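Secondary and tertiary structure notes
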Amino acid sequence: MDWSTWFRSHHHHTKFRVAGLLLLGQLVSLTLALQTLTSSLISQKFGVYAPLTQSLFVYASLALVYGTILLCRQKKPLVSWYWYLLLGIVDVQGNYLVNKAFQYSSITSVTLLDCWTIPWAIVFTRIFLGTRYSLWQLSGAAVCVLGLCLVMFSDSGVAGGGGTRPLLGDVLVIGGTLFYAISNVSEEFCVKHKDRVELVSMLGFFGFLVSILEVSVIELKTLESVKYSADIVLAFVGFAASGFMFYSLAPFVLKLSGAAMFNLSILTSDMWAVVFRVYLYHQEVDWLYFVSFAVTVIGLIIYSLTEKNPVPASAGIEDGSLNSEYQMLCDESTESVNNSIAS
């Protein structure tokens with residue numbers, strides 16, 4: 001029995017479910033903060049600007065571990081390969097654009113504009129998955145964003161500055177959030193209606209292939225000029241390990257709640273990064289950080305308490321509420337299963 005099944009079996013205990021979902025969401029947020037920390041070490045401390053290469057090792061680890069599990073199952077894939085190829089392209093571009101934006105815009109601007117993933121996710125889940133949000137849920141989402149804005153207000157005194165090309169950086173971030181939202185909603189569909197292990201393994205495999213192609217075109221010269229050391233290698237390993245944990249845990253939050261709750265949960269990753277700065281670099285923390293963390297958690301609680309019980313995996317297919325593109329994907333999966341049975 002996996003975590004999602006265990007949580008659903010206790011769905012009548014609302015407070016228990018909310019507490020568990022919040023805890024799991026913060027665990028995902030913590031892994032994202034570790035990614036941010038190791039990424040900043042690679043780019044700022046060691047001067048290696050290779051976001052595609054960083055992601056490449058994450059995708060490789062996912063393909064290796066989950067792909068092995070998938071092969072041992074010896075089951076026919078539930079989703080056609082070209083859907084996973086599209087998902088891999090979208091996910092790689094989202095990671096690349098947001099990481100690239102740090103070279104042109106301030107940390108404050110990038111982190112604040114990264115919130116655009118939330119409205120994108122709400123719109124896409126409403127259009128493609130038929131998800132309905134109550135006024136209380138939207139209010140909870142707004143409170144979460146307010147909490148992050150307090151962090152940005154605190155950072156503006158020390159991390160402000162427009163960057164070298166702020167407008168370009170802002171455009172890259174907004175474009176990245178659009179890709180992130182498409183990826184999250186697609187993953188939500190797959191984990192709720194298909195198979196989690198297949199999703200993660202295929203995302204890792206096709207994400208790795210796309211990253212290899214783009215690295216050979218964009219970052220090959222950068223990698224050739226790097227003077228490698230044990231510290232740089234360890235930083236890349238740390239990024240890959242935290243990325244592996246992030247992609248392994250994220251599907252559980254997406255299955256238990258959805259893309260909107262997932263993106264609201266990871267808003268606190270910036271605050272977890274503060275904890276690392278305090279203990280690793282002994283930096284002082286502004287009191288607004290504690291206020292912002294509390295406000296964000298309150299918003300998450302409001303959203304979780306007013307959220308309806310997760311829809312069963314087959315509900316969206318049976319009631320015909322899925323968008324035509326997603327319904328076509330379901331039809332393809334059903335046809336492939338029938339063909340395998342007939343043969």
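These numbers come from a predicted model, not from an experiment.

1. Quick notes on the overall build of the chain
What the chain contains, in helices and strands, is 15 helices and 0 strands. Buried residues in the chain amount to 49% of all 343 residues. If you take every contact in the chain between residues at least 6 apart in sequence, the share linking residues at least 24 apart comes to 90%. Put simply, the chain shows about 16800 Å² of open surface, and 68% of that area lies on carbon and sulfur atoms.

2. Topic: the nonpolar core
Judged by nonpolar contacts, the single largest core of 75 residues is most densely connected at Val28, Val48, Leu62, Tyr84, Tyr247, Phe262 and Leu264. The biggest single contributor to this core is helix α10 (residues 230–256), with 13 residues. Leaving out residues up to four positions away in the same chain, Val48 has contacts with Ile42, Ser43, Val226, Ile232 and Phe236.

3. A look at the packing of helix α3 (residues 51–73) against helix α4 (residues 81–101)
When two helices pack together, their arrangement is given by the angle between the helix axes and the distance between those axes. Two elements in contact, α3 and α4, have axes separated by 9 Å at closest approach and are oriented at 140°. By the criterion of interaxial angle, the relationship of α3 to α4 is oblique. For the crossing formed where α3 meets α4, the hand is right-handed. The segment α3 lies against α4, with Pro51, Leu52, Ser55 and Tyr59 engaging Asp91, Val92, Asn95, Tyr96 and Asn99. In terms of residue class, the contact of α3 with α4 is built from 5 nonpolar, 3 polar and 1 charged.

4. Comments concerning α3
With 23 residues, α3 should reach 33 Å at 1.5 Å per residue; the first-to-last C-alpha distance of 33 Å fits that figure. The positive-phi residue at the C-terminal boundary of α3 is Gln74, with phi of around 55°.

5. A look at the pattern of salt bridges
In total, this model carries 2 salt bridges according to the counting rule given. A salt bridge links Arg73 to Asp195; its shortest N-O distance comes to 2.8 Å. With Arg73 in helix α3 and Asp195 in the loop between α8 (166–193) and α9 (196–225), the pair connects residues that are 122 residues apart, well separated along the chain. Judged by relative accessible area, Arg73 falls into the partly exposed class, the value being 34%. Residue Asp195 is classed as buried on the basis of its relative accessible area of 17%. Between Lys192 and Glu188 there is a salt bridge, with its nearest N and O atoms 2.9 Å apart. Of this pair, Lys192 and Glu188 both sit in helix α8, 4 residues apart, roughly one helical turn. By relative accessible area, Lys192 is classed as buried at 12%.

6. Some details on a nonpolar patch on the surface
On the surface, Leu64, Val65 and Ile69 cluster together into a nonpolar patch covering about 260 Å² of accessible area. Tracing the backbone through its elements, the reader meets Ile69 in helix α3. Given a relative accessible area of 38%, Ile69 falls into the partly exposed group.

7. Some thoughts on the environment of Leu203
Inspection of the secondary structure puts Leu203 in helix α9. Since its relative accessible area comes to 3%, Leu203 is described here as buried. In this structure, the C-alpha to C-alpha distance between Leu203 and Leu85, residues 118 residues apart in sequence, is 7.7 Å. Excluding anything up to four places from it in sequence, Leu203 contacts Tyr59, Leu87, Gly88, Asp91, Glu187, Phe208 and Tyr247.

8. What about the UniProt feature "transmembrane region" (unreviewed entry) in the chain?
Taking the UniProt record as the reference, the feature "transmembrane region" (unreviewed entry) is found at residues 49–69, 81–98, 104–123, 135–154, 197–220, 232–254, 261–281 and 287–305. Segment residues 197–220 splits into 100% helix and 0% strand. End C-alpha atoms: 31 Å apart. The annotated region residues 287–305 carries 100% helix and 0% strand content, and the separation between its end C-alpha atoms amounts to 28 Å.

9. Examining the packing of α9 against α10
In contact at an axis separation of 11 Å, α9 and α10 are set at 140° when each is read in the N-to-C sense. Between α9 and α10, the angle is such that the two are oblique. When the axes of α9 and α10 are compared, the crossing they make is right-handed. On the side of α9, the interface is formed by Arg196, Val200 and Leu203, while α10 contributes Tyr247, Pro251 and Phe252. Looking at the contact of α9 with α10, its residues break down into 5 nonpolar, no polar and 1 charged.

10. A few points about the packing of aromatic side chains
Under the counting rule described, the total for this entry stands at 10 aromatic pairs. With a centroid separation of 5.9 Å and an interplanar angle of 80°, the aromatic rings of Trp81 and Tyr82 are classed as edge-to-face. By way of ring pairs, the aromatic residues Tyr59, Phe246, Tyr247 and Phe262 are connected into one cluster.

11. Observations regarding the side chain of Thr38
Its place among the elements puts Thr38 in helix α2 (residues 14–45). A polar side-chain atom of Thr38 sits 3.0 Å from the main-chain carbonyl oxygen of Gln35. Once residues within four sequence positions are removed from consideration, Thr38 is found in contact with Ala235, Gly238, Phe239 and Ser242.

12. Quick word on helix α13 (residues 287–305)
Taking 1.5 Å of rise per residue, 19 residues should cover 27 Å, and α13 covers 28 Å from first to last C-alpha, within 8% of that figure. Taken as a whole, α13 has its buried residues at Leu288, Tyr289, Ser292, Val295, Thr296, Gly299, Leu300, Tyr303 and Ser304.

Calculation rules
Residues numbered from 1 in each chain as written. Predicted model: local features only at pLDDT ≥ 70, side-chain atom pairs only at ≥ 80, totals over all residues. Heavy atoms only, no water. Helix = DSSP H or I, 4+ residues; strand = E, 2+ residues; numbered from the N terminus. Buried < 20%, exposed > 50% of the residue type's maximum accessible area, 1.4 Å probe, protein only. Contact = heavy atoms within 4.5 Å. Areas by Shrake-Rupley, 256 points an atom, 1.4 Å probe, with all protein chains shown as cover. Core = buried A, V, L, I, M, F, W, Y, C linked by side-chain atoms within 4.5 Å. Axes fitted to C-alpha atoms, helices over the stretch in contact; angles between N-to-C directions. Parallel < 35°, antiparallel > 145°, perpendicular 65-115°, else oblique. Left-handed = near helix turned anticlockwise from the far one by under 90°. Nonpolar A, V, L, I, M, F, W, Y, C, P; charged D, E, K, R; others polar. Expected span 1.5 Å × (residues − 1). Salt bridge = Lys/Arg side-chain N within 4 Å of Asp/Glu carboxyl O. Patch = residues over 30% accessible without salt bridge, like charges linked within 9 Å, V, L, I, M, F, W, Y side chains within 5 Å. UniProt positions renumbered as here; feature names shortened; annotations may be inferred. Phe/Tyr/Trp six-rings, centres within 6.5 Å; stacked < 30°, edge-to-face > 60°. Polar contact = N/O pair within 3.5 Å; in protein donor to acceptor, adjacent residues only side chain to side chain.

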